[in-house]
Amino acid sequence: TRGTVTAFSPFDARADAEALRKAMKGMGTDEETILKILTKRSNTQRQEIASAFKTLFGRDLVGDLKSELTGKFETLMVSLMRPSYIFDAHALKHAIKGAGTNEKVLTEILASRTPAEVQNIKQVYQQEYEANLEDKIIGETSGHFQRLLVVLLQANRDPDGRVDDALVEQDAQVLFRAGELKWGTDEETFITILGTRSVSHLRRVFDKYMTISGFQIEETIDRETSGDLEKLLLAVVKCIRSVPAYLAETLYYSMKGAGTDDDTLIRVMVSRSEIDLLDIRQEFRKNFAKSLYQMIQKDTSGDYRKALLLLCGGDDE
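These figures come from a predicted structure and were not determined experimentally.

1. Remarks on the overall build of the chain
Phase 1: Helix and strand counts for the chain stand at 20 helices and 0 strands.
Phase 2: In terms of overall dimensions, the chain is globule-like: its C-alpha atoms have a radius of gyration of 21 Å, near the 20 Å expected for 317 residues.
Phase 3: Principal-axis analysis of the C-alpha atoms places the extent of the chain at approximately 70 × 45 × 40 Å.
Phase 4: The 317 residues of the chain split such that 48% are buried.
Phase 5: The long-range share in the chain, meaning contacts at least 24 apart out of those at least 6 apart in sequence, stands at 72%.
Phase 6: As displayed, the chain offers around 15,000 Å² of accessible surface, 47% of which is attributable to carbon and sulfur atoms.
Phase 7: Averaging the coordinates of the 43 positive side-chain charges in the chain and doing the same for the 50 negative ones gives two points 3 Å apart.

Shown next, in the form of C-alpha cells:
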C-alpha cells in the first residue's frame, strides 16, 4: 500500500474506546485526543474501536462524535469512521439524493476506481440501500454523460495484457475521425473506446493520437465536447494516465482560489489515505510546485486542519 495511514501497533481497541469516551464525557470535549486516535488507526481498527465502545458503554461512537463535534471537523471524523467498503457507495448515494445531482462526485469516483472497485461499490450499494446504483444514476442523469457513466458502471474494461499495435493505430485513427476530422463530434466513439479499452492500451493510443493529430487527446475533448460529458471524458483520460495525478489535481482545485470545497477535500483525503495518498502527495508536489501539506495548512484551520495534516502524513518540501 502507498497510503499514509497504516494499521497502528500495538493496538488496543478497548484502551482507545476508553480514551475516546473520556474525551467526550462531561463538560467540554478533548478534540485533540479524538483526532489523534482516529487519524492514526486503520479503518479496520476504527471499526473495532466502535465495537468496543458499544460493548463497554452501550453507546454508539459515531452518534457521540456527531453530538460532541461540529462543522467540518465533525464531518471529517464521521467520514473516518465509515467502513471503507461503504465509503464510495455512501458518497454516491449522497450525490444523487434530493434535489439536484452532484455530477462532480459521480465523475470523480467512477472515473478513478478500478473495475473491481466499481463492482464492489455496486454490490455494497444494493446491500446498504436496497437499490440498484445504475438505475439511480440513470434516473438522475441524461444524454452522453449518462451513457459514459453506465459504460463505467459495467466495470468491463479490458484487462491489461499484451498491447496490439494494429489496434492502437486503429483506435487512434477512429478517435481522430470522430473528433477533429468531423463536423460535429461522434461522442459515442469516444465513450466506447475510452470506457472499455485497457489502461495500457489507451496510454499507447494517446501517444499515437498525438502523433497523428498533433494534439493531446485532452485538447480535442476540450474543443469537441462540453459540460458534464467533457468533464467526465477528461477525468477518464487523466485517470488512465495516472490516478494519483488526477486526484492530486482534484485536491489542488478543491483549495485553490477563494473558499474551499471541503466535501471534496475530505472525500479524497479519507478515501485514499490507506491506498495511494503518498503517490498523490508526490504528484501534487511535482505538478503544483508546493506540497499538499502546505496547501492544507494555508487553507484550513483549527482541529480540522490538525486532523487533515495528520492524515496527510508529512510535508514534501
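After that view of the structure, there is still more to cover.
2. Re the packing of helix α2 (residues 31-39) against helix α5 (residues 71-81)
The axes of two packed helices give the description: the angle between them and the distance between them.
Phase 1: The geometry of α2 relative to α5 is characterised by a closest axis approach of 10 Å and an angle of 35° between their N-to-C directions. The chirality of how α2 crosses α5 is left-handed. Taken together, the residues of α5 that come into contact with α2 (itself represented by Glu-31, Ile-34, Leu-35, Leu-38 and Thr-39) are Phe-73, Met-77, Leu-80 and Met-81.
Phase 2: Looking at the contact of α2 with α5 residue by residue, the class counts come to 7 nonpolar, 1 polar and 1 charged.

3. Observations regarding the environment of Leu-56
Phase 1: Looking at where Leu-56 falls in the secondary structure, it is placed in helix α3 (residues 43-57).
Phase 2: For Leu-56 and Glu-283, which are 227 residues apart along the polypeptide, the C-alpha to C-alpha distance reads 43 Å.
Phase 3: In this structure Leu-56 touches Arg-14, Ala-17 and Glu-18, once residues within four positions along its chain are discounted.

4. Some remarks on the environment of Ile-240
Phase 1: Turning to its location among the elements, Ile-240 is positioned in helix α15 (residues 227-241).
Phase 2: For the pair Ile-240 and Ala-23, spaced 217 residues apart in sequence, the C-alpha separation works out to 44 Å.
Phase 3: What Ile-240 contacts, discounting residues up to four positions off in sequence, is Arg-157, Val-199, Leu-202, Arg-203 and Phe-206.

5. Notes on the pattern of salt bridges
Oppositely charged side chains can form a pair if their charged atoms are brought close together.
Phase 1: Evaluated as defined, the whole model comprises 20 salt bridges.
Phase 2: Put simply, Asp-16 and Arg-41 hold a salt bridge, and the shortest N to O gap is 2.6 Å. Of this pair, Asp-16 sits in helix α1 (residues 13-24) while Arg-41 sits in the loop between α2 and α3, and the two are 25 residues apart along the sequence.
Phase 3: Look at Asp-16 and you get buried, because its relative accessible area is 8%.
Phase 4: Arg-41 gets classed as buried once you look at its relative accessible area, which sits at 7%.
Phase 5: Note that Lys-238 is salt-bridged to Glu-249, the shortest N-O span being 2.9 Å. Of the two residues, Lys-238 is situated in helix α15 and Glu-249 in helix α16 (residues 243-255); the sequence distance between them amounts to 11 residues.

6. Side note on the side chain of Thr-101
Phase 1: Within the element layout of this structure, Thr-101 appears in the loop between α6 (84-96) and α7 (103-112).
Phase 2: Among the polar contacts made by the side chain of Thr-101, one reaches the side chain of Glu-140 at a distance of 3.2 Å.
Phase 3: In contact with Thr-101, other than residues within four places in its own chain, are Ala-95, Ile-96, Leu-106 and Glu-140.

7. What about unusual backbone geometry?
Phase 1: The residue after Ser-9, namely Pro-10, is reached through a cis peptide bond having omega -5°.
Phase 2: Among the structural elements, Pro-10 can be located in the segment before α1.
Phase 3: One non-glycine residue, Ala-155, adopts positive backbone phi at about 50°.
Phase 4: In this structure, Ala-155 sits in the loop between α10 (143-154) and α11 (165-178).

8. With respect to the nonpolar core
Phase 1: If you look at the biggest cluster of nonpolar residues, it comprises 96 residues, and the most contacted ones within it are Met-77 and Met-269.
Phase 2: In terms of residue count, α15 provides more of this core than any other element does, 9 residues in total.
Phase 3: In contact with Met-77, other than residues within four places in its own chain, are Ile-34, Leu-35, Leu-38, Thr-39, Leu-65, Leu-69 and Ala-307.

9. Description of the packing of aromatic side chains
The relative placement of two aromatic rings is captured by the distance of their centres and the angle of their planes.
Phase 1: Inspection of every chain in the model, using the stated rule, returns 7 aromatic pairs.
Phase 2: Between Tyr-252 and Tyr-253, the ring centres sit 5.1 Å apart and the planes meet at 80°, which makes this aromatic pair edge-to-face.
Phase 3: For Tyr-252, a relative accessible area of 13% translates into the label buried.

Definitions and limits used
- Residues numbered from 1 in each chain as written.
- Predicted model: local features only at pLDDT ≥ 70, side-chain atom pairs only at ≥ 80, totals over all residues.
- Heavy atoms only, no water.
- Helix = DSSP H or I, 4+ residues; strand = E, 2+ residues; numbered from the N terminus.
- Rg over C-alpha atoms; globule rule 2.2 N^0.38 Å.
- Buried < 20%, exposed > 50% of the residue type's maximum accessible area, 1.4 Å probe, protein only.
- Contact = heavy atoms within 4.5 Å.
- Areas by Shrake-Rupley, 256 points an atom, 1.4 Å probe, with all protein chains shown as cover.
- Lys, Arg positive; Asp, Glu negative; His and termini not counted.
- Charge placed at Lys NZ, Arg CZ, Asp CG, Glu CD.
- Axes fitted to C-alpha atoms, helices over the stretch in contact; angles between N-to-C directions.
- Left-handed = near helix turned anticlockwise from the far one by under 90°.
- Nonpolar A, V, L, I, M, F, W, Y, C, P; charged D, E, K, R; others polar.
- Salt bridge = Lys/Arg side-chain N within 4 Å of Asp/Glu carboxyl O.
- Polar contact = N/O pair within 3.5 Å; in protein donor to acceptor, adjacent residues only side chain to side chain.
- Core = buried A, V, L, I, M, F, W, Y, C linked by side-chain atoms within 4.5 Å.
- Phe/Tyr/Trp six-rings, centres within 6.5 Å; stacked < 30°, edge-to-face > 60°.

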